[in-house]
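Letter by letter, the chains look like this.
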Amino acid sequence: MKRSRAKLEKAEVRSSDAIRNWQDRFGAVLVLSFLTVLATLGPMGTRQELSQITLTGVDDSPKWITLAGIFGLIVLNGIFVAAETAVEHLRAVHLKFLKEQNERQAKRVQEMLENQVRYASACSLGSQTVRLLMVLACFLLAPTATRLLNWELTYWNITIATLLVALPIGVLNLVFG
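Residues numbered from 1 in each chain as written. Predicted model: local features only at pLDDT ≥ 70, side-chain atom pairs only at ≥ 80, totals over all residues. Heavy atoms only, no water.

Some thoughts on the overall build of the protein
Step number 1: Across its full length, the protein holds seven helices and zero strands.
Step number 2: The linear arrangement of helices and strands in the protein, starting from the amino end, is α-α-α-α-α-α-α. (Helix = DSSP H or I, 4+ residues; strand = E, 2+ residues; numbered from the N terminus.)

Structural data, given as structure tokens:
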């Protein structure tokens, strides 16, 4: 009994380490993708040439829908993170207690215990996808932020505005998501 429990605990540690390694790799891919987009979308040339290039035809539509979407994404990310934490902390003791209370819920928990790694991975994937969507929303809000700061619509100004928009969104996501 003790041997099987020790094996189970080792398997749980290995699976959670595998999930964390996967998350680290996915995060690195996101950062590299962002840097690649930043490098390829910008025109090639000297800094002086880049500051003279302006963007025209940028959408002036109201951005309240994007802001509402960002807050919705932060809430959704919080749900994914909470679900992932709950799944990772689920133990057989919980199942034993639940069997005494409600047989139907105990069956659900039993299935979650059997497929714990799959559920945690799905929650992690959902959370990473939501974060990617938040980054895209930052790009959508950048031209508006550039105009609010009374900056000219150049590539570098929009890039800086994207980072300025991403900072409060990142903080909100850190606190609430």
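Here's the deal with the packing of helix α3 (residues 64-88) against helix α7 (residues 155-176)
Step number 1: Interhelical geometry of α3 versus α7 gives an angle of 35° and a closest axis separation of 9 Å. α3 and α7 meet at a crossing whose hand is right-handed. Contact with α3, carried on its side by Ile70, Phe71, Ile74, Asn77 and Gly78, involves Ile169, Leu172, Asn173 and Phe176 of α7 and no other residues of that element.
Step number 2: Split by residue class, the contact of α3 with α7 holds six nonpolar, three polar and no charged. (Axes fitted to C-alpha atoms, helices over the stretch in contact; angles between N-to-C directions. Left-handed = near helix turned anticlockwise from the far one by under 90°. Contact = heavy atoms within 4.5 Å. Nonpolar A, V, L, I, M, F, W, Y, C, P; charged D, E, K, R; others polar.)

Thoughts on the packing of helix α6 (residues 116-148) against α7
The geometry of a pair of packed helices is captured by two quantities: the angle between their axes and the separation between those axes.
Step number 1: As a packed pair, α6 and α7 sit with axes 7 Å apart at the nearest point and diverge in direction by 130°. What the angle tells us is that α6 and α7 run oblique. With respect to the hand of their crossing, α6 and α7 are arranged in right-handed fashion. Of the residues in α7, those touching α6 at Arg131, Met134, Cys138, Phe139, Leu141, Ala142, Pro143, Ala145 and Thr146 are Asn157, Ile158, Ala161, Thr162, Val165, Ala166, Ile169 and Asn173.
Step number 2: Residues belonging to the contact of α6 with α7 are distributed by class as follows: 12 nonpolar, four polar and one charged. (Parallel < 35°, antiparallel > 145°, perpendicular 65-115°, else oblique.)

Brief notes about the environment of Leu163
Step number 1: By the secondary structure assignment, Leu163 is in helix α7.
Step number 2: For Leu163, a relative accessible area of 47% puts it in the partly exposed group.
Step number 3: Sequence-wise, Leu163 and Ala142 are 21 residues apart; in three dimensions their C-alpha atoms are separated by 8.3 Å. (Buried < 20%, exposed > 50% of the residue type's maximum accessible area, 1.4 Å probe, protein only.)

With respect to a nonpolar patch on the surface
Step number 1: There is a patch of nonpolar side chains on the surface, built from Leu132, Leu133, Val135, Leu136 and Phe139 and spanning about 380 Å² of accessible area.
Step number 2: Within the secondary structure layout, Phe139 lies in helix α6. (Patch = residues over 30% accessible without salt bridge, like charges linked within 9 Å, V, L, I, M, F, W, Y side chains within 5 Å. Areas by Shrake-Rupley, 256 points an atom, 1.4 Å probe, with all protein chains shown as cover. Salt bridge = Lys/Arg side-chain N within 4 Å of Asp/Glu carboxyl O.)

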